[in-house]
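Residue strings, one per chain:
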Amino acid sequence: MATTEMTAPPQVQPGHWAQLRKRLRASRTAWLYILPAGVAMLLVTLFPYIYQIWMSLFDYRVRNLRFNLLDSATWAKYAPPFIGLDNYIKILNSQLAIENYDFQRLLAFNVTWTVSNVFFHVALGIAIALALNAKDLIGRRVYRSLFILPWAMPAYVVALTWRNMYDDRFGAINQLLAVINRTFGTSFPTSTRWFVVTQPPIGGLLSFLPLAFYCVLLANVWLGWPFMSVVATGALQCIPPELYEAASIDGATGWQKLWKITIPLIRPAMVPAIMLGTIWTFNQFNVIFFISEGNPFGRTEILITQAYKLVAEQRLYGVAAAFSIIVFLILLGFTMLQNRLTRATEAYYE
Amino acid sequence: MSKRTKAILRQLALQIFLLSVLVTVLFPILWVLSLALDPRDIDKPLKLTLIPPGASLKAFQKILFGPFKLLCTNPADESTCMRFADLLKNSLIVALGTSLLAVITGTSAGYAFSRFRFIGRQVGMLGFIVLIMLPTTGLLAPLYVLLSQIKVGGETLRTQLPGLVLAYSSGFLPFAVWTLKGYFDTIPRELEEAALIDGASTFQTFTKVVLPLSVPALAVTVLNSFMTGWTEFILAWSFLEKPTRFTLAMALRAMQGQFATPWSEFAAMSVVMTVPVMILFFALQRYLVSGLTLGGVKG
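On a predicted model such as this, the values are computed, not experimentally measured, just so you know. (Residues numbered from 1 in each chain as written. Chains lettered and ligands numbered in written order. Predicted model: local features only at pLDDT ≥ 70, side-chain atom pairs only at ≥ 80, totals over all residues.)

Undergrad: Could you give an account of the overall build of chain A, with specific residues and numbers?
TA: Tallying secondary structure elements over chain A gives 14 helices and zero strands in all. Order of helices (α) and strands (β) in chain A, N terminus to C terminus: α-α-α-α-α-α-α-α-α-α-α-α-α-α. Here the C-alpha atoms of chain A give a radius of gyration of 26 Å, more than 25% beyond the 20 Å that 2.2 N^0.38 yields for 350 residues. For chain A, the C-alpha atoms occupy an extent of roughly 75 × 65 × 35 Å along the three principal directions. Across the 350 residues that make up chain A, the buried fraction comes to 33%. (Helix = DSSP H or I, 4+ residues; strand = E, 2+ residues; numbered from the N terminus. Rg over C-alpha atoms; globule rule 2.2 N^0.38 Å. Buried ≥ 20, exposed ≤ 12 C-beta atoms within 10 Å, placed from the backbone.)

Undergrad: Explain the overall build of chain B residue by residue, including any values.
TA: Of regular secondary structure, chain B possesses 13 helices and four strands. For 299 residues, the compact-globule estimate of 2.2 N^0.38 gives 19 Å, and the C-alpha radius of gyration of chain B, at 24 Å, exceeds that figure by more than 25%. Along the longest, intermediate and shortest principal axes, the C-alpha atoms of chain B span 80 × 70 × 35 Å. Buried residues in chain B amount to 45% of all 299 residues. The long-range fraction of contacts in chain B, counting pairs at least 24 apart against all pairs at least 6 apart in sequence, stands at 71%. (Contact = placed C-beta atoms within 7 Å.)

Undergrad: Break down helix α11 (residues 248-255) of chain B for me, citing the residues and quoting the values.
TA: Buried residues dominate α11(B), accounting for six of its eight residues. Three or more residues of α11(B) are buried, namely B:L248, B:A249, B:M250, B:A251, B:L252 and B:M255. Contacts made by the buried residues of α11(B) are with α7 (155-165) of chain A together with β1 (67-72), α3 (84-115), α9 (215-231), α10 (234-239) and α12 (263-283) of chain B.

Undergrad: Outline the interface of chain A and chain B, supporting the account with residue identities and numerical values.
TA: Listed per partner, the contact involves 76 residues of chain A and 80 residues of chain B. At 18 residues, helix α1 (residues 16-56) of chain A tops the list of elements feeding residues into the side of chain A that touches chain B.

Undergrad: Please give an account of unusual backbone geometry that cites residues and values.
TA: Residue and element names in this part refer to chain A. Cis geometry is adopted by the peptide bond preceding P296, which originates at N295 and carries an omega value of -10 degrees. Even without a glycine there, the phi angle at S94 is positive, about 55 degrees. Structurally, S94 is set in the loop between α3 (86-92) and α4 (103-132).

Undergrad: Give me the packing of α9(B) against α12(B): which residues, what numbers.
TA: All names here are of chain B. Axis separation between α9 and α12 bottoms out at 11 Å; the angle between their running directions is 175 degrees. Accordingly, the angle class assigned to the pair α9 and α12 is roughly antiparallel. Facing α9, whose interface residues are L223, F226, M227 and W230, α12 presents V277, L280 and F281. Of the residues contributing to the contact of α9 with α12, the split by class is seven nonpolar, no polar and no charged. (Axes fitted to C-alpha atoms, helices over the stretch in contact; angles between N-to-C directions. Parallel < 35°, antiparallel > 145°, perpendicular 65-115°, else oblique. Nonpolar A, V, L, I, M, F, W, Y, C, P; charged D, E, K, R; others polar.)

Undergrad: Requested: an account of the domain arrangement of chain B, with residues and values cited.
TA: Structurally, chain B comprises domain 1 (3-56) and domain 2 (78-291). Taken over C-alpha atoms, the centre of domain 1 of chain B sits 34 Å from the centre of domain 2 of chain B. (Domains from an automatic or database assignment.)

Undergrad: Which residues make up α9(B), and what values do they have?
TA: The terminal C-alpha atoms of α9(B) lie 24 Å apart, and with 17 residues this matches the ideal 24 Å at 1.5 Å per residue to within 8%. Burial analysis of α9(B) places 13 of its 17 residues in the buried class, the great majority of the element. (Expected span 1.5 Å × (residues − 1).)

Undergrad: Lay out the nonpolar core with the relevant residues and their values.
TA: Residues A:I291, A:A320 and B:A251 are the most contacted members of the largest nonpolar core, which totals 136 residues. Here this core gets 15 residues from one element, more than from any other, and that element is helix α6 (residues 161-185) of chain B. Shared between two domains, this core holds at least three residues of each, these being domain 1 (3-56) and domain 2 (78-291) of chain B. Contacts of A:I291, omitting those with residues within four sequence positions, involve A:A159, A:W162, A:R163, A:Y166, A:C215, A:V216 and A:A219. (Core = buried A, V, L, I, M, F, W, Y, C linked by C-beta atoms within 7 Å.)

Undergrad: Give me the lowdown on the confidence of the model for chain A, citing residues and values where you can.
TA: Residue and element names in this part refer to chain A. Put simply, chain A has an average pLDDT of 84, and 93% of its residues get 70 or more. When pLDDT is averaged over each helix and strand of chain A, the minimum, 73, is found for helix α2 (residues 75-78) and the maximum, 95, for α4. The low-confidence segment residues 1-12 (pLDDT under 50) makes 14 contacts with residues lying over four places distant or belonging to another chain. (pLDDT = per-residue confidence, 0-100.)

Undergrad: Got a sec to walk through the packing of helix α5 (residues 140-147) of chain A against helix α1 (residues 3-37) of chain B? Specific residues and values, please.
TA: Running from N to C, α5(A) and α1(B) cross one another at 30 degrees; their axes reach a closest spacing of 10 Å. Between α5(A) and α1(B), the angle is such that the two are roughly parallel. Here α5(A) and α1(B) pass one another in a crossing that is left-handed. Where α5(A) abuts α1(B), its residues A:Y143, A:L146 and A:F147 lie against B:L18, B:L22 and B:V25. (Left-handed = near helix turned anticlockwise from the far one by under 90°.)

Undergrad: Would you mind going over the environment of A:I291 in detail, with residue names and values included?
TA: Residues and elements named next belong to chain A. Mapped onto the secondary structure, I291 falls in helix α12 (residues 285-292). I291 sits in the buried class, given 26 other C-beta atoms within 10 Å. Here the alpha-carbon distance between I291 and N164, two residues 127 residues apart in the chain, equals 8.2 Å.

Undergrad: Give me the environment of B:I234: which residues, what numbers.
TA: Looking at the element boundaries, B:I234 is found in helix α10. Put simply, B:I234 and B:A249 are 15 residues apart on the chain and 9.6 Å apart in space, counted from C-alpha to C-alpha.

Undergrad: Explain the confidence of the model for chain B to me, and be specific about the residues and the numbers.
TA: Residue and element names in this part refer to chain B. For chain B, the mean per-residue pLDDT works out to 83, and 91% of the residues sit at or above 70. Within chain B, the lowest mean pLDDT, 71, falls on helix α13 (residues 285-291), and the highest, 91, falls on α1. As scored by the predictor, the complex reaches a pTM of 0.84 and an ipTM of 0.82.

Structure, rendered in structure tokens:
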């Protein structure tokens, strides 16, 4: 990343106390600048998080909604009972009285969902960026401007549209299959109920993935690759062409150039994009909630949609708060791990 | 094989690949457009048609000027139903409010984190990066409870549009601060120092030097925060109670019934909701990648 590292000018050591006073004074100006934004963020961003942690330790239900921090008369009467880590234990041991709830399955599915999506986003994104970057390509500008359409469209509208495309009678997918059958004489089924079928299309290790998974995967791949492609394009254009020329002179094949020049050089730009993409996909609420709705039998539910249902359907506010914190901790752990891994490999490359 | 045939074959392979990608990209978009333009205002599309026979704008007319019969204060009285203009007003309040709050707060905080070395800076920065992990939906429970506790004008803030703006900002601000801080980091400090030597105040250097150079990052922040407010459904659906405060996104979802979807109207509404976002997107497109300076963690 192109961040300018500021190195402090060498200073004469004026003694500890003077230095501390100076730092405090400098801090004061900084804090004055940050004050309005700081207060706003404290109230809007930080406070809900702290409240979330507090709620997660209590048995917070509908009747506790009358509890009001600003009104001391409600404190004794409606305060939720403290239950320590009970919410967390119940969530992790799958002891919530909810239909189709199984934490291990949710987590396994969520991870599978994220890994498969990010893989396709990155692979397709880079492949298409490479194709668009080819010398003497006809129609480059037309392709470039049309290919970002999925990114430019609101994910929410896209999700609802795909939901309707998968409609078993009136949706475009089944009708497209009918057209293909008519044109090529094939005989695909044309009335598949995409989110109801429980028979997994691929058995063995992948038999925990119902047909609905492949449907939401397709929709989210459609939605996600243009972002990666744009990032990759930007990085590709920064590679000096002399490198390829030199490699050609040395007799390198196209495949070797790809793995020895292109991939290592676009890597610094791709890594942060992949990290962000991973967090976005892990929490891709719109696609799951609106397209498969977790069907069949909650097997395509991800953690964040389950957290929503805990509030909206079960009204278990305390449990939902604990659930969100678990999601948060999982992502935090993942980010730290990835950060460490990429740093380690970066050092190896340099 | 001569060099020329090789080049032609290569071009052919590329074109086949890119055309098949293009077809996949355009298929859902064309499907929606075709439904929206269908003159029969169909409830049940049974065939794929690219351009429906006798395309018309009837569905658009219906959603732009007709009442939304699913969103009425009194279902028996059509004049109490929401109309497009009402929904648009609510959506604009929420979307513009969210972007205004995000840009103002995000810019000043991002600048402070980028330029000042103060006590608590490291912790604060780490905090923001960590807060990006959870989307607004993950804050549903505390936001619901907290906003229900604040009463403004006899009603809880939760059921009002400003409450929604606050809720969206809580999820979006960390991302805004992070993006903007990362971008400010890339602006050479010498530019500000030069302005300071020329007699500008700190505030002037910020508004006259730093901000004009930060247009890409500001553009990204505006676009993303506007998009959040414009298309968010879950919090709006959970918080708002009165149909008079409903947004376009909520109306679109309401159209998708379990058993009866008014397909042409749904499609027309999707198009109407997408177009402004797309215009904004393409207007700001050249900033999108440069403005998204990811990973500005160090420094």
